[in-house]
Amino acid sequence: MGRRHGDVDHAYSDTGGLTRMALPTRLTDLLGIEHPIIQGGMAWTATAELAAAVSNAGGLGIIGAGHMPTVVLRDQIRLAKDLTDKPFGVNLMLLTPHIDELVDMVLEEGVHAVTTGAGNPGKYMTALKEHDIKVLTVVPSVALAKRMESIGTDAVIGEGMEAGGHIGELTTFVLTPQLSDAVNVPVVAAGGIADGRGVAAAFALGAEGVQVGTRFMCAEECTVHPSVKERIIKARDRDTVVTGYSTGHPVRVIKNKLSRMIEDLDRENKPEEVEELGSGKLALAMREGDLDMGSLMAGQAAALVCQIQPAATIVSEMMTEAEAVLRHLGTIAR
Ligand code: TUI
């Protein structure tokens, strides 16, 4: 039997009887949250139920807008407001065609924070900030981070290619310290972080917070199809693959029949056919649980996820473990 989160035999899970310390950072101050953990804004996956559960646990819950119609996202924001009094946010996927309309509605509705992905949110920065919405820009590179800082982003989320879904080229391990050197705003590390060791490592690299996606897919409150959660729990180290290079929008998914078909089309350099075949497949996976022909977007950290737990347990376990690791590191230097 493999390791389970919270196992007492794990090197860092013994907190040594010390009372838990918190890890307050500029990020927790900026957002008014207890723990420096942001939940990934996963399309078709990060619904109001999950976002509210993460926020209630002291992290920042995020509703993933993806391609949601504006009225649906509005209802999701209102549902989250019913489910939590704590700060929560919305992820805006900038490739969606009706993004202008989504932004207008978010401004009207009001949320604490917006994370952006898959593009440059420059066009919306002023309006969001004028409405007192904190903006956290997902960046795959140092250049974009600097540009975003110059136009007023409140923090950058450096997403490494270990992450699930649409990714850049750099790994979390090299991107995070470079961002930390390049910008003055808080840096959040994303990609490959699913436990407290990852949180501690991110802090060592200069991050003041983490964004976690794949592990929250296995939260009890996450509304993805149960088969998807089971598949993530079964995932091993080499079970994800990056497909869609030919389209210029590569995505990391758990390998299946669909990913193999897309790899073939990538090799034949047929980007239009990749787009066509991929269309609607994320919903097919996340809503209907089709593990063969659905797009099983998940990060390499799927291999680190071993059970379904309440979001509050995930947050508290990650924090307790991170604190134990950091204390341990403080004792090994001679
Ligand atoms: O956005 C994500 N992850 C996503 S979005 C998504 S939906 C989708 N489905 C099919 C194709 C494309 C998207 C699934 N997963 N993560 C944040 C992220 N942002 N990763 C990489 C980027 C990024 C890439 C380029 C951010 C900015 C950027 O800027 C280019 C520019 O304009 O300079």
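Since the model is a prediction, treat every value here as computed from it, not as a measurement.

Engineer: What exactly am I supposed to notice about the overall build of the protein chain here?
Structural biologist: Summing up its helical and strand segments, the protein chain has 14 helices and 11 strands in all. Over its C-alpha atoms the protein chain spans a radius of gyration of 19 Å, differing by no more than 12% from the 20 Å that the globule rule assigns to 334 residues. Taken along the three principal axes of its C-alpha coordinates, the protein chain extends 55 × 50 × 40 Å. Going through the 334 residues of the protein chain one by one, you find that 54% of them count as buried. By sequence separation, contacts in the protein chain at least 24 residues apart represent 63% of the contacts at least 6 residues apart. Taking the 30 positively charged and 43 negatively charged side chains of the protein chain as two groups, their mean positions are separated by 4 Å.

Engineer: Quick question: what am I supposed to make of the site of the ligand here?
Structural biologist: The immediate surroundings of the ligand are formed by 13 residues, with Ala 118, Gly 119, Val 138, Glu 159 and His 166 found nearest. Glu 159 is positioned such that a nitrogen or oxygen atom in its side chain is 3.1 Å from a nitrogen atom of the ligand. At a separation of 2.9 Å, a nitrogen atom of the ligand approaches a polar backbone atom of His 166. Burial of the ligand by the surrounding chains reaches 73%, relative to a free accessible area of 720 Å². A per-class count over the shell around the ligand returns seven nonpolar, five polar and one charged.

Engineer: Please explain the nonpolar core as it appears in this structure.
Structural biologist: Across soluble globular proteins, you tend to see nonpolar side chains buried next to one another. Judged by nonpolar contacts, the single largest core of 41 residues is most densely connected at Ile 37, Ile 193, Phe 216 and Ile 232. Taken together, the elements giving at least two residues each to this core come down to α2 (48–56), α8 (196–204), β9 (209–212), α9 (214–217), α10 (226–234), α13 (281–286) and α14 (311–332). Not counting chain neighbours up to four residues away, the residues in contact with Ile 37 comprise Gly 59, Leu 60, Val 210, Val 212, Phe 216, Val 315, Met 318 and Met 319. Within the second largest apolar cluster, 35 residues are counted, among which are Tyr 124, Val 139, Leu 179 and Val 183.

Engineer: Looking at this structure, I do not really get a negative patch on the surface. What am I missing?
Structural biologist: On the surface, Glu 272, Glu 273, Glu 275 and Glu 276 cluster together to form a negatively charged patch. Looking at the element boundaries, Glu 273 is found in helix α12 (residues 271–278). Overall, the relative accessible area of 38% leaves Glu 273 in the partly exposed class.

Engineer: I'm lost on the pattern of salt bridges in this one. Help?
Structural biologist: Oppositely charged side chains may form a pair once their charged atoms are brought near each other. Following the criterion strictly, the structure yields 12 salt bridges and no others. Across the pair Asp 100 and Lys 123 runs a salt bridge whose closest N-O atoms are separated by 3.1 Å. On the criterion of sequence distance, the pair formed by Asp 100 in helix α4 (residues 99–109) and Lys 123 in helix α5 (residues 122–130) is long-range, its members being 23 residues apart. Judged by relative accessible area, Asp 100 falls into the partly exposed class, the value being 36%. Relative accessible area serves as the criterion here: at 62%, Lys 123 is assigned to the exposed category. A salt bridge links Glu 268 to Lys 270, with the nearest nitrogen and oxygen atoms 2.7 Å apart. Via salt bridges that share partners, Arg 74, Arg 78, Lys 81, Glu 108 and Glu 109 belong to a single interconnected network.

Engineer: Can you help me understand the sheet that holds strand β7 (residues 165–166) in this one?
Structural biologist: Backbone hydrogen bonds hold the strands of a sheet together, and the pairing may be parallel or antiparallel. The three strands lie next to each other as β7-β11-β10, forming an open sheet whose pairing is antiparallel. The sheet is open, and its two edges are formed by β7 and β10 (240–243), each paired on a single side. Where β7 meets strand β11 (residues 251–254), two bridges bridge the pair, whose relative direction is antiparallel. Paired with Gly 165 across the strands is Arg 252, a residue of β11. Lying on the sheet, helix α11 (residues 257–267) is in contact with β10 and β11; it crosses β10 at an angle near 35°.

Engineer: I would appreciate a short explanation of the pairing of strand β5 (residues 134–139) in the present structure.
Structural biologist: A regular strand carries its side chains on alternate faces of the sheet. Counting buried positions along β5 gives five out of six residues, so the element sits mostly inside the fold. Across four bridges, the pairing between strand β4 (residues 113–117) and β5 is parallel. Note that in β5 the partner of Thr 115 across the bridge is Leu 136. Traced from β4 through α5 to β5, the parallel crossover comes out right-handed. Where β5 and strand β6 (residues 155–159) come together, four bridges link them in parallel fashion. Paired with Leu 136 across the strands is Ala 155, a residue of β6. Handedness of the crossover joining β5 and β6 through helix α6 (residues 142–150): right-handed.

Engineer: What is the right way to read unusual backbone geometry from this model?
Structural biologist: Note: most residues except glycine have negative phi, and most peptide bonds are trans. Positive phi values are uncommon outside glycine, yet Trp 44 reaches one of about 65°. With respect to the element layout, Trp 44 can be found in the loop between β1 (37–39) and α2. Taking relative accessible area as the criterion, Trp 44 reaches 44% and is therefore assigned partly exposed.

Cut-offs applied
Residues numbered from 1 in each chain as written. Predicted model: local features only at pLDDT ≥ 70, side-chain atom pairs only at ≥ 80, totals over all residues. Heavy atoms only, no water. Helix = DSSP H or I, 4+ residues; strand = E, 2+ residues; numbered from the N terminus. Rg over C-alpha atoms; globule rule 2.2 N^0.38 Å. Buried < 20%, exposed > 50% of the residue type's maximum accessible area, 1.4 Å probe, protein only. Contact = heavy atoms within 4.5 Å. Lys, Arg positive; Asp, Glu negative; His and termini not counted. Charge placed at Lys NZ, Arg CZ, Asp CG, Glu CD. Near = heavy atom within 4 Å. Polar contact = N/O pair within 3.5 Å; in protein donor to acceptor, adjacent residues only side chain to side chain. Areas by Shrake-Rupley, 256 points an atom, 1.4 Å probe, with all protein chains shown as cover. Nonpolar A, V, L, I, M, F, W, Y, C, P; charged D, E, K, R; others polar. Core = buried A, V, L, I, M, F, W, Y, C linked by side-chain atoms within 4.5 Å. Patch = residues over 30% accessible without salt bridge, like charges linked within 9 Å, V, L, I, M, F, W, Y side chains within 5 Å. Salt bridge = Lys/Arg side-chain N within 4 Å of Asp/Glu carboxyl O. Pairing = 2+ DSSP bridges. Axes fitted to C-alpha atoms, helices over the stretch in contact; angles between N-to-C directions. Right-handed = clockwise from strand over helix to strand, strands pointing away.

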